[in-house]
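# Remarks on the overall topology
This is what each chain is made of:
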Amino acid sequence: MALVVQKYGGTSVGDAERIRAVAEHVAQTLERGDQVVVVVSAMGKFTDELIALAEGIGPDRPPREMDMLLTAGERISMALVSMALGARGVQSASFTGSQAGIITDTDHTKAKILEMRPERIIEALEQGLVPVVAGFQGVSTDRDITTLGRGGSDVTAVALASALKADSCEIYTDVTGVFSADPRVVPSARRLNKISFDEMMEMAATGGRVLMLRSVEFARRHHVPLHVRSSFTWEPGTWIVEEDTTMEEAVVTAITDDVSESKITVAGVPDKPGIAAKLFRALADERVNVDMIVQNTSTLGSADISFTVASTDLKEALRVCNTVATELGAASVESTERIGRVSVVGAGMKSSPGVTAQMFETLTAHGINIEMISTSSIRISCVVDAEKVGEAVRALHTAFGLDA
Ligand code: ADP
Ligand code: ASP
Ligand code: MG
């Protein structure tokens, strides 16, 4: 008998029919002799609708109250899924993140899990019930309700799978697995049967939003086998696995696209030690995550620092930059709200020279200008015009021989 954590994303519980299909699949998993813990997201685009409701109230959105609001979405799903299981003859009980013992820090809207105390889930399993847990939420050390960041139900599922020592964690979504590019952007993208944690992390960090980055990090650290698959076709999907030496390392495994970041340039700062440290310390103190950074030194003894942040953090980042820029005597602070980023990911590029050149040549052939570049040992990212991202990702997918 295996213990499986099954996470169902928004589209998978989008309406009554989808919820009944989920209940049917859970029932069949039980009939196979396995135990199941279910984790659910809010129905369809409900989280976005709740955010729009808050925006309608006014510009001031206290993070504590936003979390209280947004967690309502998953509460609705968990109760409905539990009812659907009951109707299918499966005994179950729903639990909020707090009831499931998910203890987080106090960083509202992007809280991190500090501890898992899933006693009630274990008790429910012992009583033969299927626990249905609301994803994306926890309770802070200050006893307030928190959320784990957008896409956070993936983290809930992986954290529960780890705490319960589950045999696997299945992420059910609206595509049949992890593809060589977002299949909605690149129709010729191919499903991958397996992918290493390292590659999946690079993908999740650069726009392959099928899994939330933190869930992949967590799964790798705690050795949780992850299986991404479809709740529409139920066919086997993609396994995220430890890199093993027998795996053929493709030079390029996937291309990702992302338009969720903004760019800030602090121009004309003195070119001397300590300037960048001061700027990025101030941003870190306000919990702004910085992604790509480029510094250009001019001959006149001043430098321009450009970097990218999540667009949701742009307002806060600009406030910090303007304050620090005045202190540093910088010439200006400029920003672009919507930038595009296209990335090439592949474990085999470590030992294959020429990937960077081919990427640049392909973008050049399409007349796409590269504004910033960043690399890791298995990824190359270029910032390009947001309008050109789709074209860039399709061109690179073809150029690297990934088309189906
Ligand atoms: P869920 O609500 O189930 O969590 P998400 O919308 O968060 O679903 O993630 C699934 C979506 O991720 C897909 O519909 C697809 O458009 C997108 N996606 C982006 N990149 C990829 C990729 N490389 N492979 C598969 N899906 C991807
Ligand atoms: N409902 C939340 C969101 O839309 C969490 C999730 O779906 O994973 O971000
Ligand atoms: Mg998701």
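Up top is the structure.
Definitions and limits used
- Residues numbered from 1 in each chain as written.
- Chains lettered and ligands numbered in written order.
- Predicted model: local features only at pLDDT ≥ 70, side-chain atom pairs only at ≥ 80, totals over all residues.
- Heavy atoms only, no water.
- Helix = DSSP H or I, 4+ residues; strand = E, 2+ residues; numbered from the N terminus.
- Phe/Tyr/Trp six-rings, centres within 6.5 Å; stacked < 30°, edge-to-face > 60°.
- Lys NZ or Arg CZ within 6 Å of the ring centre and 35° of its normal.
- Buried < 20%, exposed > 50% of the residue type's maximum accessible area, 1.4 Å probe, protein only.
- Near = heavy atom within 4 Å.
- Polar contact = N/O pair within 3.5 Å; in protein donor to acceptor, adjacent residues only side chain to side chain.
- Areas by Shrake-Rupley, 256 points an atom, 1.4 Å probe, with all protein chains shown as cover.
- Nonpolar A, V, L, I, M, F, W, Y, C, P; charged D, E, K, R; others polar.

As a further point, take unusual backbone geometry. In this structure, Thr109 takes a positive phi of about 75° despite not being glycine. Residue placement: Thr109 occurs in the loop between β4 (102–104) and β5 (113–116). Within the chain, Phe136 stands out as a residue other than glycine whose phi angle is a positive 75°. Tracing the sequence through the fold places Phe136 in the loop between β6 (130–134) and β7 (137–140).

On to the packing of aromatic side chains, then. In the structure shown here, the tally under the stated rule is 4 aromatic pairs. Aromatic side chains Tyr8 and Tyr172 sit 4.9 Å apart centroid to centroid with 10° between the ring planes, which places their arrangement in the stacked category. Pair noted here: Tyr8 is in strand β1 (residues 3–8) and Tyr172 is in strand β9 (residues 168–173), with a separation of 164 residues, a long-range link. By way of ring pairs, the aromatic residues Tyr8, Tyr172 and Trp234 are connected into one cluster. Seen from the ring of Phe232, Arg18 lies directly overhead, with NZ or CZ sitting 3.8 Å from the centre. Sitting over the face of the ring of Phe218, Arg221 holds its NZ or CZ atom 5.8 Å from the ring centroid.

On to the side chain of Thr104. Structurally, Thr104 is set in strand β4. We classify Thr104 as buried; its relative accessible area is 0%.

It is worth spelling out the site of ligand 1 at this point. Taken together, 18 residues form the shell around ligand 1, and within it Thr173, Asp174, Phe179, Asp182 and Arg184 come nearest. Between ligand 1 and Lys7, the relevant distance is 3.1 Å, taken from an oxygen atom to a side-chain nitrogen or oxygen of the residue. A distance of 2.9 Å separates an oxygen atom of ligand 1 from a polar atom in the side chain of Asp182. Against a free-state accessible area of 570 Å², the protein chains account for coverage of 88% of ligand 1. Tallied by class, residues from the shell around ligand 1 come to 8 nonpolar, 5 polar and 5 charged.

Right, let's talk about the site of ligand 2 for a bit. Neighbouring ligand 2 are Ser41, Ala42, Thr47, Glu74, Phe136, Arg150, Gly151, Gly152 and Ser153. One of the side-chain N or O atoms of Thr47 is found 2.8 Å from a nitrogen atom in ligand 2. Backbone polar atom of Gly152 to an oxygen atom of ligand 2: 3.4 Å apart, as the coordinates give it. Here ligand 2 loses 86% of its free accessible area of 260 Å² to cover by the protein chains.

So, about the environment of Lys263. Checked against the element boundaries, Lys263 lands in strand β13 (residues 254–270). Once the C-alpha coordinates of Lys263 and Glu249 are considered, the two residues, 14 residues apart in sequence, prove to be 33 Å apart. Within the structure, Lys263 has its side chain in polar contact with the side chain of Glu371 (distance 3.4 Å).

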